[in-house]
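So you can see what is in the structure, the chains are spelled out below.
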Amino acid sequence: MLTELLTGWIAHQRWFAGKGRPIDDLVVDSDVELSPRLRHLIISVHQSGARDRYQLLLGSEAPEWARFKPAHIGGGYYDAAYDADLTGTLLEGMASGRDLGALRFRHLDGVEIDTSKRSLVLGAEQSNTSLVYGDTYICKLFRRLTAGVNPELEIVTALARRDGKHIAQPYGWIETDLDGETTTLAMTQEFLSNANDGWALALASVRDLYGSLEPSASDAGGDFSSEAYRLGVTTAQVHQEMAAAFPTDVVESQEVKRMVEEFRRRLGIAVEEVPELGEHAHVAEEAYQRVSDVAGEMPVQRVHGDYHLGQVMRTTNDWIVLDFEGEPGQPIAERRALSSPLRDVAGMLRSFDYAARHLLADHPDAEALRPRAIEWAELNRSSFLAGYSAGGGHLHAEDAVLLRALELDKAAYEVVYETRNRPTWLHIPMSAFQLGR
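What counts and what doesn't
Residues numbered from 1 in each chain as written. Predicted model: local features only at pLDDT ≥ 70, side-chain atom pairs only at ≥ 80, totals over all residues. Heavy atoms only, no water. Helix = DSSP H or I, 4+ residues; strand = E, 2+ residues; numbered from the N terminus. Buried < 20%, exposed > 50% of the residue type's maximum accessible area, 1.4 Å probe, protein only. Contact = heavy atoms within 4.5 Å. Areas by Shrake-Rupley, 256 points an atom, 1.4 Å probe, with all protein chains shown as cover. Lys, Arg positive; Asp, Glu negative; His and termini not counted. Charge placed at Lys NZ, Arg CZ, Asp CG, Glu CD. Expected span 1.5 Å × (residues − 1). Axes fitted to C-alpha atoms, helices over the stretch in contact; angles between N-to-C directions. Parallel < 35°, antiparallel > 145°, perpendicular 65-115°, else oblique. Left-handed = near helix turned anticlockwise from the far one by under 90°. Nonpolar A, V, L, I, M, F, W, Y, C, P; charged D, E, K, R; others polar. Salt bridge = Lys/Arg side-chain N within 4 Å of Asp/Glu carboxyl O. Pairing = 2+ DSSP bridges. Core = buried A, V, L, I, M, F, W, Y, C linked by side-chain atoms within 4.5 Å.

## Structural notes on the overall build of the chain
At step 1: When helices and strands are tallied, the chain shows 12 helices and 18 strands.
At step 2: Overall size of the chain, expressed as C-alpha extent along the three principal axes, is 60 × 50 × 45 Å.
At step 3: Across the 437 residues in the chain, those meeting the buried criterion constitute 52%.
At step 4: For the chain, long-range pairs separated by at least 24 residues make up 66% of all intrachain contacts whose partners lie at least 6 apart in sequence.
At step 5: Looking at the chain as shown, the accessible area adds up to about 19500 Å², and 50% of this sits on carbon and sulfur atoms.
At step 6: Averaging the locations of the 43 positively and 66 negatively charged side chains of the chain gives two centres separated by 2 Å.

## Topic: helix H7 (residues 281-294)
At step 1: The end-to-end C-alpha separation of H7 is 21 Å, in line with the 20 Å expected for 14 residues at 1.5 Å each.
At step 2: Listed in full, the buried residues belonging to H7 are Ala281, Val283, Ala284, Ala287, Tyr288, Val291 and Ser292.
At step 3: Packing partners of the buried residues in H7 comprise helix H6 (253-273), helix H11 (399-421) and helix H12 (427-434).

## Points about the packing of H6 against H11
At step 1: Between H6 and H11, the least distance of the axes is 10 Å, while the angle of their chain directions is 25 degrees. The angle between H6 and H11 places the two elements in the roughly parallel class. In this structure, the crossing between H6 and H11 has a hand that is left-handed. Contacts from Met259, Phe263, Arg266, Leu267, Ala270 and Glu273 of H6 reach H11 at Leu402, Ala405, Leu406, Asp409, Ala412, Val416 and Arg420.
At step 2: Residue composition of the contact of H6 with H11, grouped by class: 9 nonpolar, no polar and 4 charged.

## Comments concerning the pattern of salt bridges
At step 1: One pass over the structure, following the stated rule, counts 34 salt bridges.
At step 2: Taking the shortest distance from any N to any O, the salt bridge between Lys140 and Asp323 comes out at 2.7 Å. Of the two residues, Lys140 sits in strand E10 (residues 137-142) while Asp323 sits in the loop between strand E18 (319-321) and helix H8 (332-336), which places them 183 residues apart along the sequence.
At step 3: Its relative accessible area of 9% is what places Lys140 among the buried residues.
At step 4: Glu378 is the salt-bridge partner of Arg381, the closest N and O atoms lying 3.9 Å from each other. Taken together, the residues span about one helical turn, with Arg381 and Glu378 both in helix H10 (residues 366-390) at a distance of 3 residues.
At step 5: You can call Arg381 buried: its relative accessible area is 6%.
At step 6: Given a relative accessible area of 31%, Glu378 falls into the partly exposed group.
At step 7: One connected set of salt bridges, linked through shared partners, spans Arg350, Asp353, Glu378, Arg381, Glu407 and Glu414.

## Concerning the sheet that holds E10
At step 1: As summarised here, the arrangement of the 7 strands in space is E6-E7-E12-E13-E10-E9-E8, forming an open sheet in which the pairing is antiparallel. Of all the strands in the sheet, just strand E6 (99-100) and strand E8 (119-121) have a single pairing partner and so form its edges.
At step 2: Direction of pairing for E10 relative to strand E13 (residues 181-190): antiparallel, over a ladder of 5 bridges. By the bridge assignment for E13, Cys139 is matched with Thr188.
At step 3: Along the sheet, helix H2 (residues 88-96) contacts strand E7 (103-107), strand E9 (128-133), E10, strand E12 (170-178) and E13; its crossing angle with E7, the most-contacted strand, is approximately 70 degrees.

## With respect to the packing of helix H4 (residues 198-211) against helix H9 (residues 342-357)
At step 1: Viewed as axis vectors pointing N to C, H4 and H9 meet at an angle of 45 degrees, and their least axial separation amounts to 8 Å. What the angle tells us is that H4 and H9 run oblique. Remark: the crossing between H4 and H9 carries right-handed chirality. Along the contact surface, H4 presents Trp199, Ala202, Leu203, Val206 and Tyr210, while H9 presents Ser351, Tyr354, Ala355 and Ala356.
At step 2: Of the residues that constitute the contact of H4 with H9, the class distribution is 8 nonpolar, 1 polar and no charged.

## Thoughts on the pairing of E10
At step 1: Most of E10 is tucked away: 6 of the 6 residues are buried.
At step 2: Residues of E10 alternate between two faces, with Tyr137, Cys139 and Leu141 on one and Ile138, Lys140 and Phe142 on the opposite face, all of them buried.
At step 3: Bridging between E9 and E10 involves 6 bridges; their strand directions are antiparallel. Residue pairing across strands places Val132 opposite Ile138, the latter belonging to E10.
At step 4: In this structure, the hairpin formed by E9 and E10 is closed by a connection of 3 residues, where Gly134 is found at a positive phi of approximately 60 degrees.

## Some thoughts on the nonpolar core
At step 1: Counting residues in each nonpolar core, the largest one holds 107 residues, and the members touching the most others are Leu34, Leu90, Phe352, Trp376 and Phe433.
At step 2: The biggest single contributor to this core is H11, with 9 residues.
At step 3: Residues Leu6, Leu41, Tyr54 and Ile73 belong to the second largest nonpolar core, which totals 15 residues.

## Focus: the environment of Met313
At step 1: With respect to the secondary-structure elements, Met313 resides in strand E17 (residues 312-314).
At step 2: Sequence spacing of Met313 and Ile167 is 146 residues, and the spatial spacing of their C-alpha atoms is 9.7 Å.

## Here's the deal with the pairing of E7
At step 1: Two strands pair when backbone bridges link them, and E6 and E7 are joined in this way by 2 bridges, in the antiparallel orientation. Bridge assignment links Asp99 to a residue of E7, and that residue is Arg104.
At step 2: Linking E6 back to E7 in an antiparallel pair, the connection comprises 2 residues, with Gly101 at a positive phi of about 55 degrees.
At step 3: Direction of pairing for E7 relative to E12: antiparallel, over a ladder of 4 bridges. What sits directly across from Arg106, in E12, is Trp173.

The values are spatial; any link to function lies outside them.
What follows is the structure, encoded as structure tokens:
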């Protein structure tokens, strides 16, 4: 009965990765009672010979409000992540550091957790569910589970122990064992209630520019370049903190050339799916060849892995970097792998292009505004790079070649993503191949 209800319900959740494919089987792998009306489930979903695992806070004796989407499961069951009367159990468990069945609740040494706070589910997320407790904590439930310690927990706790200044303070986490590995189920950090999202701040600047009569982006009322510079400084400092907290390495030229071959492979896949990219693919091919031609040793370290304006918050004092878990769809081993810190730099540069251009998608004056969009992006890209250098980031003349290749590799990924999900935004990544930077 319960498995049938869960099969019908899970297929419609935003965080379910198997949409559009039939579910062959659903099995409850783990069922732990957290309180009389609250159970923690780990569920295996089998589709087309593959298995994905998910976690669920299962409530019973559903109150009236829980009989509606997205909480409603049926048969008196509901997704208890939405029930503030039950989710206090998570904070209490982390505060006490107790074990419940196969679940282990833990907290960072030296921190105290106020268990009186009530939770509220934060807006719609694609792959996780975040519970905000008052204006103090945010607890992220990793809905789709991958065996292993989540990179975000690993990085943030390591930086916190080194008094990192550009992270949200971690407080606690929940873990279990999957496939013989310690696996992160959830983590709780400081909730930055008075901070502003970097993407929103950048868009406000772009809107001001588009509505301004000033001739240039630096003269418009919403100039973002000083913030881009500070963000560059922060990025360099976070890279330095990560290099101090985790092992680093230097890869030889042959490894760099293998990386370039992987760029070429991904570009070929993108062209196959989006044929119109083909006429511009030579721009990327030439950039990749230049990396091969000058390939030498390349320093590598732990990086953010999915760095863009939506992953940073501006407080009254500084920029804070969030979401160190990397690309959620990638295996944890790949997300933990050492890489060039320029990968993060390239990701942020692409984000400036997105901020500048995405408002043009349905703008009646798009053609007239396009030069302003290019100017805004270039101003903030250069300001970010200047800040990154000033903050101690390694940006030598030869790094420009690798950075350009990393940007185009990211843009090739974006071309495929936008074709599949937001066709009206396809012009944004395509422009990366047309500008000839």
